Amino acid sequence: MTLLTKHQGALLILMFNLLLVFSGIGLVIPIMPKFMESLGITGGTIGLLVAAFSLTQLLCSPLAGRLADSFGRKRMIVIGMIVFAVSEGMFGLASSPGLLFTSRMMGGISAAMIMPAVMAYAADITTPEERAVGMGYITAAITTGFIIGPGIGGYIAEFGIRVPFYFAAAAGVFAACITLFILRESLPSKENSADTLPSAVERRGLFSQLRYAYREPYFLSLIIVFVMSFGLANFETIFGLFVDRKFGFQPKDIAFIITFGSIAGAVVQVTAFSWILKRFGEQRVISLCLFFAGLFILLTLFVHQFWMIFAVTFIVFLAIDILRPAISTQMSMVAKDQQGYVAGLNSAFTSLGNIAGPIAAGFLFDMDVNFPYTLACLVLFICFIISLKGRKRSLPDSHTSS
């Protein structure tokens, strides 16, 4: 019995929730240039908005990871989806920077609640041999959200620049209801108690967790998560602004590039990701993806024709879409009975990168349109070098240790 057949219902619901969350995040990309114009905000403000989302996610992720281990995966997902719906509706109604920041911070809370719980749920219902397949499906939902989000944003924005956010809010409520009434809790009832948490490390606060993360066997993976997130957030935050300022692209043009450029990533995650990890191993896959992501972000600075921009963006998204589940799989294999805790740390280090990257990108964009991508490729190449050194460490590829 295959993984998808055995846990089809649960996986589909998990994927649906992540699809909605990341659709809501992605739909803003093609309309952000017009949104900036209507509210009179700068690239620096856009960077701060994205960072506000990530900062809140950072502060809440470790606690959310612990709660996913004690309070239950399902409850965290349902509450997170409700908070997501409220945040999207508020963003659509916002007419001042203050409300925009409040909305993005609520969105960060929802992401912090949903991501660790979903990752832990996927780990609960998969064996070590199935883990890569399960993570591939989960990450494919994230990728598909990014695919659908910009497309929805670019199309529905024709009916009003705020309409996509109202649509996302309604979808969030629907997903919360589906999860509440259909999804079954994956955490055994005997573990639903703070007294049975796996170790004292689970009880540490956010800053203590970050401070002592260097002692963990997956610390190098966390560093790669941070640097990767910095470069990727740098790239994604100002992509719409970049092509709008440099080439005069409209929301539909931006939506088309992002949508089509991301499709291959979702297909690879569902069909070939498990084979890729078994054939090459997590460390080698991670290193190659970091190298190609950095290289093609650099090439973005030198292309001018529409089809060339499409081609380099296609490779960037493909590399990142393979990289994300590879890192998640690597850490989940060493997490053992601390799946929620490790998923929370993963989310926290992702948030650190998502805080620094957009702030740097936004203010560098106001200085020069090419500066953000110059920085993004540099940090990804640095991360590539770090990953090469990591091969010499004692942490083995999960496919060789399972």
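Calculation notes
- Residues numbered from 1 in each chain as written.
- Predicted model: local features only at pLDDT ≥ 70, side-chain atom pairs only at ≥ 80, totals over all residues.
- Heavy atoms only, no water.
- Helix = DSSP H or I, 4+ residues; strand = E, 2+ residues; numbered from the N terminus.
- Buried < 20%, exposed > 50% of the residue type's maximum accessible area, 1.4 Å probe, protein only.
- Contact = heavy atoms within 4.5 Å.
- Areas by Shrake-Rupley, 256 points an atom, 1.4 Å probe, with all protein chains shown as cover.
- Axes fitted to C-alpha atoms, helices over the stretch in contact; angles between N-to-C directions.
- Parallel < 35°, antiparallel > 145°, perpendicular 65-115°, else oblique.
- Left-handed = near helix turned anticlockwise from the far one by under 90°.
- Nonpolar A, V, L, I, M, F, W, Y, C, P; charged D, E, K, R; others polar.
- 1 Å grid on protein atoms, 1.4 Å probe; cavity = no way out; pocket = protein on both sides within 12 Å on 5 of 7 lines; lining within 4 Å.
- Points joined across faces, edges and corners; volume = space filled by probe spheres on them.
- Patch = residues over 30% accessible without salt bridge, like charges linked within 9 Å, V, L, I, M, F, W, Y side chains within 5 Å.
- Salt bridge = Lys/Arg side-chain N within 4 Å of Asp/Glu carboxyl O.
- Expected span 1.5 Å × (residues − 1).
- Polar contact = N/O pair within 3.5 Å; in protein donor to acceptor, adjacent residues only side chain to side chain.
- Phe/Tyr/Trp six-rings, centres within 6.5 Å; stacked < 30°, edge-to-face > 60°.
- Lys NZ or Arg CZ within 6 Å of the ring centre and 35° of its normal.
- Core = buried A, V, L, I, M, F, W, Y, C linked by side-chain atoms within 4.5 Å.
- pLDDT = per-residue confidence, 0-100.

(A) Structural detail: the overall build of the chain. The secondary structure content of the chain amounts to 18 helices and zero strands. A buried classification covers 59% of the 402 residues belonging to the chain. Intrachain contacts of the chain at a sequence separation of at least 6 include 87% that bridge at least 24 residues. By element, 68% of the accessible surface of the chain is carried by carbon and sulfur atoms, the whole surface being about 15,900 Å².

(B) Fine view of the packing of helix H5 (residues 73-93) against helix H6 (residues 97-124). Viewed as axis vectors pointing N to C, H5 and H6 meet at an angle of 155°, and their least axial separation amounts to 8 Å. Between H5 and H6, the crossing angle belongs to the class labelled roughly antiparallel. Taken as a pair, H5 and H6 cross one another with a handedness that is left-handed. When grouped by side-chain class, the residues that make up the contact of H5 with H6 number 19 nonpolar, six polar and four charged.

(C) Summary view of empty space enclosed by the protein. Throughout the structure, instances matching the rule amount to five cavities of 30 Å³ or more. Taken as a whole, the second largest cavity encloses approximately 90 Å³ of empty space. Lining the second largest cavity are 10 residues, and of these Met119, Ser328, Ser332, Ala343 and Asn346 sit closest to its centre. Mapped onto the lining of the second largest cavity, the elements with two or more residues apiece are H6, helix H15 (306-335) and helix H16 (339-367). Top contributing element to the lining of the second largest cavity by residue count: H16, with four residues. Each residue belonging to the lining of the second largest cavity can be placed in one class, and the counts come to six nonpolar, four polar and no charged.

(D) Fine view of a nonpolar patch on the surface. A cluster of nonpolar side chains, namely Phe256, Phe260, Ile263, Val267 and Phe306, defines an oily patch on the protein surface of about 440 Å² accessible area. Here the nonpolar patch gets four residues from one element, more than from any other, and that element is helix H12 (residues 251-271). Structurally, Phe256 is set in helix H12. Accessibility expressed as a relative area gives 44% for Phe256, which makes it partly exposed.

(E) Molecular detail of H5. Between its first and last C-alpha, H5 extends 31 Å over 21 residues, near the 30 Å set by a 1.5 Å rise per residue. Across the 21 residues that make up H5, a large majority, 15, are buried.

(F) Spotlight on the environment of Val50. Of note, Val50 is situated in helix H4 (residues 43-70). In the structure, Val50 is positioned 58 residues away from Gly108 in sequence and 9.4 Å away in space, judged by C-alpha atoms. In this structure, Val50 is in contact with Thr237, Asn354 and Pro358, ignoring residues within four places of it in sequence.

(G) Inspection of the side chain of Thr300 at higher detail. Here Thr300 lies in the loop between helix H14 (282-299) and H15. Within the structure, the side chain of Thr300 is placed 3.0 Å from the backbone oxygen of Phe296, a separation counted as a polar contact. For Thr300, the residues in contact, after removing those within four places along its chain, are Phe235, Phe242, Val312 and Tyr373.

(H) Spotlight on the packing of aromatic side chains. One pass over the full model with this rule turns up nine aromatic pairs. With a centroid separation of 4.7 Å and an interplanar angle of 35°, the aromatic rings of Phe242 and Tyr373 are classed as tilted. Linking Phe242 in helix H11 (residues 239-247) with Tyr373 in helix H17 (residues 371-390), this pair joins segments that are 131 residues apart in sequence. For the pair Phe242 and Tyr373, a shared accessibility class is recorded, and that class is buried. Among the aromatic residues, those joined into a cluster by ring pairs are Phe291, Phe292, Phe381 and Phe384. When the ring centre of Phe71 is taken as reference, the NZ or CZ atom of Arg75 above it lies at 4.8 Å. Between the NZ or CZ atom of Arg279 and the centre of the ring of Phe280, over which it lies, the distance is 5.1 Å.

(I) View of the nonpolar core. Ranked by size, the top nonpolar core spans 106 residues in total, and within it Leu18, Met81, Ile138 and Leu290 carry the most contacts. Considering every element that reaches this core, the biggest residue donor is H15, with 11 residues. Those residues in contact with Leu18, other than ones at most four positions away along the chain, are Ile114, Met115, Val118, Ile138, Ala141 and Ile142.

(J) Region of the structure containing the confidence of the model for the chain. Averaged over every residue, the pLDDT of the chain is 77; the share at 70 or more is 83%. Taken element by element, the predicted model of the chain shows its lowest mean pLDDT in helix H18 (residues 398-401) (42) and its highest in H5 (91). Considering only residues more than four positions removed or in separate chains, one finds that residues 190-203, a stretch of pLDDT under 50, has 28 contacts.

(K) Summary view of the pattern of salt bridges. For the structure shown, the criterion picks out two salt bridges. A salt bridge links Arg73 to Asp124; the nearest nitrogen and oxygen atoms lie 2.7 Å apart. Highlighted residues: Arg73 in helix H5 and Asp124 in helix H6, separated in sequence by 51 residues. Asp124 sits in the partly exposed class, given a relative accessible area of 31%. Residue Glu88 pairs with Arg104 through a salt bridge whose shortest N-O separation is 3.3 Å. Here Glu88, found in helix H5, pairs with Arg104, found in helix H6; they are 16 residues apart in sequence, far enough to count as distant. As far as burial versus exposure is concerned, Glu88 and Arg104 are alike and both buried.

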